[in-house]
Amino acid sequence: MIARLSLVVALVVGVMSSTHAVTFPLPPTDVDVVGHLEVERASADETLLDIGRRHGLGYEEMRIANPGVDLWVPGEGTEVMLPKRFVLPDAPREGVVLNVAEMRLYYYPDAGSGQARTVETYPVAIGRMDWNTPLGETRIIDKVRNPAWYPPESIRREAAAEGRHVPDVVPPGPNNPLGRFKMRLGIPGYLIHGTNRPWGVGMRVTHGCVRMLPEDIEQLFPRLGVNTPVRIVNQPVKAGWVAGQLYVEVHPVLDEEGGEGRAPSLDQALAAVGAAAGRGPGRVDYERLRAASRTPNGIPLLISRSE
């Protein structure tokens, strides 16, 4: 695992960072699908992570949307799917909604006078299996620029068991794993923060906190005020409507639920679709739903039955 991550670091060093929020007009409440799929051809010297970061997409979503494509050497001219179409999570469209199953954050900013509302979405890293990111409703209770990091005792014990030394405090700077911005949540001990290791965004690599790309949190930090609501959900299956058609978007379940990369059960898919099906016309094609649930690729698929 260490060798693999070292390879990731080597390959991602030098990626040009820029602000690239994936932003869409917020649809009316009876529409749940935003964005569209795109395809791009890889150049000779870039990885799927390079392409994904340029488009606001993380590691896992690029991996599952491009089966058969080498993550590190996709090859010049290879067609790369950019999964930039999303079913919005089943949650109030306000503040921040984090769906840990897809490792993606949604932000619903208030609109100014005479302006239409939008939704922005960003890839994130979440807690690994033994350091779960907690679910529930909370708020941002504090914000700090250029934070120092005070490693908790649990992290120092883990490092000592692995023969590593972690100092009592890491000052602001390039070696600080919190990056340049942190926002404290009302759940004790948990943060939304930047990173000095952007290659981990879109993976389960944190100690429970929510890690964002440096350019993304730099954009969000000044706009997310104290008391902004934050809802953390786990929805590997999302279902929603657009243009009178029902779509389902399926992601692998988190590994503590039965194995890394496992597809959701049909019961999970039926529950999500059942909650959405009553809000629109038409009937569900259950064969398409079964096929989608067996192949969790993070891409919204049509499951309405043709009349």
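In this report, the structure presented in the accompanying data block is examined. These numbers come from a predicted model, not from an experiment. (Residues numbered from 1 in each chain as written. Predicted model: local features only at pLDDT ≥ 70, side-chain atom pairs only at ≥ 80, totals over all residues. Heavy atoms only, no water.)

Time to look at the environment of L185. Along the polypeptide, L185 turns up in strand β10 (residues 181-185). Judged by relative accessible area, L185 falls into the buried class, the value being 3%. Between the C-alpha atom of L185 and that of R139, which follows or precedes it by 46 residues, the distance is 5.6 Å. The residues touching L185, leaving out its near neighbours within four places in the chain, are T138, R139, I140, I141, Y190, I192, V230 and I232. (Helix = DSSP H or I, 4+ residues; strand = E, 2+ residues; numbered from the N terminus. Buried < 20%, exposed > 50% of the residue type's maximum accessible area, 1.4 Å probe, protein only. Contact = heavy atoms within 4.5 Å.)

Let's shift gears to the side chain of E60. Topologically, E60 is positioned in helix α3 (residues 59-65). In this structure E60 comes out as buried when scored by relative accessible area, which is 17%. Reaching out from E60, the side chain makes a polar contact with the side chain of R63 at a distance of 2.7 Å. With sequence-adjacent residues up to four places away left out, E60 is seen in contact with M103, G202 and P252. (Polar contact = N/O pair within 3.5 Å; in protein donor to acceptor, adjacent residues only side chain to side chain.)

Attention now goes to the sheet that holds strand β17 (residues 301-302). A sheet is described by the order of its strands in space; here three strands give the open sequence β15-β16-β17, paired in antiparallel fashion. The strands lining the two open edges of the sheet, one partner per strand, are β15 (237-242) and β17. Of the pairings in the sheet, the one linking strand β16 (residues 245-250) to β17 comprises two bridges and is antiparallel in character. Looking at the pairing, Y247 lines up with L302 of β17. (Pairing = 2+ DSSP bridges.)

Look at helix α6 (residues 266-277): 16 Å from first C-alpha to last across twelve residues, which is about the 16 Å you get at 1.5 Å a residue. For α6, the full list of buried residues reads A269, A272, V273 and A276. End-on, the buried residues of α6 take up no more than an arc of 95°, which puts them together on one face. Turned more than 90 degrees away from the buried face of α6, the exposed residues are D267 and A271. Where α6 is buried, its residues contact β15, β16 and α7 (286-294). (Expected span 1.5 Å × (residues − 1). Arc of directions from axis to C-beta.)

A few words now on the pattern of salt bridges. Counting across every chain of the model gives 17 salt bridges. Residue R41 pairs with E79 through a salt bridge whose shortest N-O separation is 3.1 Å. With R41 in strand β3 (residues 38-41) and E79 in strand β4 (residues 79-82), this pair connects stretches of sequence that are 38 residues apart. The exposure class of E79 is partly exposed, given its relative accessible area of 49%. (Salt bridge = Lys/Arg side-chain N within 4 Å of Asp/Glu carboxyl O.)

As enumerated under the stated definition, the model contains four aromatic pairs in all. Between F181 and F221, the ring centres sit 4.8 Å apart and the planes meet at 40°, which makes this aromatic pair tilted. Remark: F221 occurs in the loop between α5 (214-220) and β14 (229-233) and F181 occurs in strand β10; sequence separation between them is 40 residues. Residue F181 shares its accessibility class with F221, and that shared class is buried. The structure contains a cluster of three or more aromatic residues connected by ring pairs, namely F24, F86 and Y106. Over the face of the ring belonging to Y247 we find R85, whose NZ or CZ atom lies 4.9 Å from the ring centre. Residue placement shows K143 over the ring face of F221; its charged tip is 4.6 Å from the ring centre. (Phe/Tyr/Trp six-rings, centres within 6.5 Å; stacked < 30°, edge-to-face > 60°. Lys NZ or Arg CZ within 6 Å of the ring centre and 35° of its normal.)

The next point concerns a nonpolar patch on the surface. A cluster of nonpolar residues, L266, L270 and Y286, forms a patch on the protein surface that exposes about 240 Å² of accessible area. Residue L270 is classed as partly exposed on the basis of its relative accessible area of 34%. (Patch = residues over 30% accessible without salt bridge, like charges linked within 9 Å, V, L, I, M, F, W, Y side chains within 5 Å. Areas by Shrake-Rupley, 256 points an atom, 1.4 Å probe, with all protein chains shown as cover.)

Moving on, we get to the environment of L302. Tracing the chain through its elements places L302 in strand β17. A sequence separation of 57 residues divides L302 from Q245, and the C-alpha atoms of the two residues are 7.1 Å apart. Excluding anything up to four places from it in sequence, L302 contacts Q245, L246, Y247 and R288.

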